Amino acid sequence: MSDIFDFGKKVDDYAVMGNPISHSKSPSIHSLFAEQTQQSLLYTAIHVDVGGFDQAVGNFAASGGKGLNITVPFKQEAWDLVTQRSERAERAGAVNTIKIDGSQLYGDNTDGVGLVNDLTINNDIELKDKSILLMGAGGAARGVLIPLLKQNPSLLFIANRTPDRAKDLASDFSDAGNISGGGYDAIKDMKFDVVINATAASLQGELPPLPDTLLNEGASCYDMMYGAKPTTFMDWATKHQAAKVMDGLGMLVEQAAESFFLWRNVKPETKTVIEKLRKELLE
Ligand code: ATR
């Protein structure tokens, strides 16, 4: 075929949908991935009005779009909308990645594997046979449970301000590993190797009530939030001599890399992308 027929050929379209969306880092992350792996694609951010999600996905698919990332507040609606789900998306109750194939919408959730990859690969933290405390029992916590349990920790304890939410969540996943839940008073005499903050407390500069004796020697602390400055929980972890203290920037890039892999069957390299975003955050 002559090149002339390729001139102006539409590249594959991808997008992130959310509300708000203007501060999303996904377009720059996926553009960096595309450049690095020499994949020809366009990735944009689409602001979707509340109540307009199904229509927006339908329009995007009808125009030939190949895949979507879904962010707040539409992950549950995406779960309802897709025609097929991965096991981890099924159990997460939320979809953050859609692969579009004609009228088929395949839904996945890459948040948990993003967290696990950032912990185990980027930060060299072993989870097998370790005790993990997960703070929070909302959507962010639910989304990471299956990948965390697949690492075979000795215990995964969910602590939450509203204890019943943590107990219910743990019982939903009791078939998948050693998991239990309760309020923060339940952990006052417990010690953990890995503590992960999946609450929204950092957004308000708040901290769940943690006992001073919470961390085992050599413990790692991870906040799923990120920003230019350490979160309140990260400051607490440093003060309590955690061996490693991390924010969620690596998780953001790793979940994106898993989405990219699902769509393009190519695994991008993440380290340089994390470093670049970190630099931009600090500027
Ligand atoms: P997300 O989808 O981000 O998880 P969510 O479902 O609203 O959002 O859940 C927010 C989580 O953060 C919940 O576990 C919430 O605790 P409650 O279930 O008791 O509401 C937790 N959270 C929010 N602010 C908090 C704070 N200041 N201290 C402790 N936990 C907090």
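Residues numbered from 1 in each chain as written. Predicted model: local features only at pLDDT ≥ 70, side-chain atom pairs only at ≥ 80, totals over all residues. Heavy atoms only, no water.

**Things to note about the domain arrangement of the chain**
- In terms of domain boundaries, the chain breaks down into domain 1 (12–109) and domain 2 (112–249).
- Placing a centre on the C-alpha atoms of domain 1 and another on those of domain 2 gives a separation of 27 Å.
- Contacts between domain 1 and domain 2 engage six residues on the former and ten residues on the latter.
- Of all residues in domain 1, Arg88, Arg91 and Ala92 give up the largest surface area on contact with domain 2, accounting jointly for 65% of the area buried on that side.
- Applying the counting criterion to the domain 1 and domain 2 interface returns two salt bridges.
- The salt bridge involving Lys150 is made with Glu87; its shortest N-O contact spans 3.1 Å. (Domains from an automatic or database assignment. Contact = heavy atoms within 4.5 Å. Buried area = accessible area lost by both parts, 1.4 Å probe. Salt bridge = Lys/Arg side-chain N within 4 Å of Asp/Glu carboxyl O.)

**Structural notes on the sheet that holds strand S3 (residues 67–70)**
- An order of S2-S1-S3-S5-S6-S4 is seen for the six strands of this open sheet, with the pairing classed as mixed. The open sheet has two edge strands with one neighbour each: strand S2 (41–47) and strand S4 (84–85).
- As judged from the five bridges shared by strand S5 (residues 97–101) and strand S6 (residues 104–108), these two strands associate in the antiparallel manner. The partner of Lys99 across the bridge, within S6, is Tyr106.
- Of the strands in this sheet, strand S1 (12–18), S2, S3, S5 and S6 touch helix H2 (residues 53–62), which is tilted by about 170° from S1.
- The strands touched by helix H10 (residues 249–264) within the sheet are S1, S2, S3, S5 and S6, with S5 carrying the most contacts at an inclination of about 10°. (Pairing = 2+ DSSP bridges. Helix = DSSP H or I, 4+ residues; strand = E, 2+ residues; numbered from the N terminus. Axes fitted to C-alpha atoms, helices over the stretch in contact; angles between N-to-C directions.)

**Observations concerning the pairing of S1**
- Across the seven residues of S1, six count as buried, placing the element largely inside the fold.
- Pairing of S1 with S2 involves seven bridges; the strand directions are parallel. Across the sheet, Val16 pairs through a bridge with Ala45, a residue of S2.
- Regarding topology, helix H1 (residues 26–37) serves as the crossover connection from S1 to the parallel S2, and that connection is right-handed.
- Two strands pair when backbone bridges link them, and S1 and S3 are joined in this way by four bridges, in the parallel orientation. Bridging from a neighbouring strand, Met17 pairs with Ile70 of S3. (Buried < 20%, exposed > 50% of the residue type's maximum accessible area, 1.4 Å probe, protein only. Right-handed = clockwise from strand over helix to strand, strands pointing away.)

**Brief notes about the packing of H10 against helix H11 (residues 271–282)**
- It is the contact of H10 with H11, at a shortest axis distance of 10 Å, that shows an interaxial angle of 135°. Between H10 and H11, the angle is such that the two are oblique. The element H10 and its partner H11 pack so that their crossing is right-handed. Across from Leu249, Gly250, Leu252, Val253 and Glu254 in H10, the residues of H11 making contact are Val273, Ile274, Leu277, Arg278 and Leu281.
- Its residues assigned to classes, the contact of H10 with H11 comprises seven nonpolar, one polar and two charged. (Parallel < 35°, antiparallel > 145°, perpendicular 65-115°, else oblique. Left-handed = near helix turned anticlockwise from the far one by under 90°. Nonpolar A, V, L, I, M, F, W, Y, C, P; charged D, E, K, R; others polar.)

**Things to note about the packing of aromatic side chains**
- The final tally for this structure, using the stated rule, is five aromatic pairs.
- Residues Phe33 and Phe260 carry aromatic rings whose centres are separated by 5.5 Å and whose planes lie at 70° to one another, so their mutual orientation is edge-to-face. Highlighted residues: Phe33 in helix H1 and Phe260 in helix H10, separated in sequence by 227 residues.
- Its relative accessible area of 0% is what places Phe33 among the buried residues.
- Exposure remark for Phe260: the relative accessible area of 1% places this residue in the buried category.
- Residues Phe233 and Trp236 carry aromatic rings whose centres are separated by 6.1 Å and whose planes lie at 15° to one another, so their mutual orientation is stacked. Within this pair, Phe233 and its partner Trp236 are both found in helix H9 (residues 232–239), separated by three residues, close to a single helical turn. When sorted by exposure, Phe233 lands in the same class as Trp236, which is buried.
- The rings of Tyr14, Tyr43 and Trp263 are connected pair by pair, giving a single aromatic cluster. (Phe/Tyr/Trp six-rings, centres within 6.5 Å; stacked < 30°, edge-to-face > 60°.)

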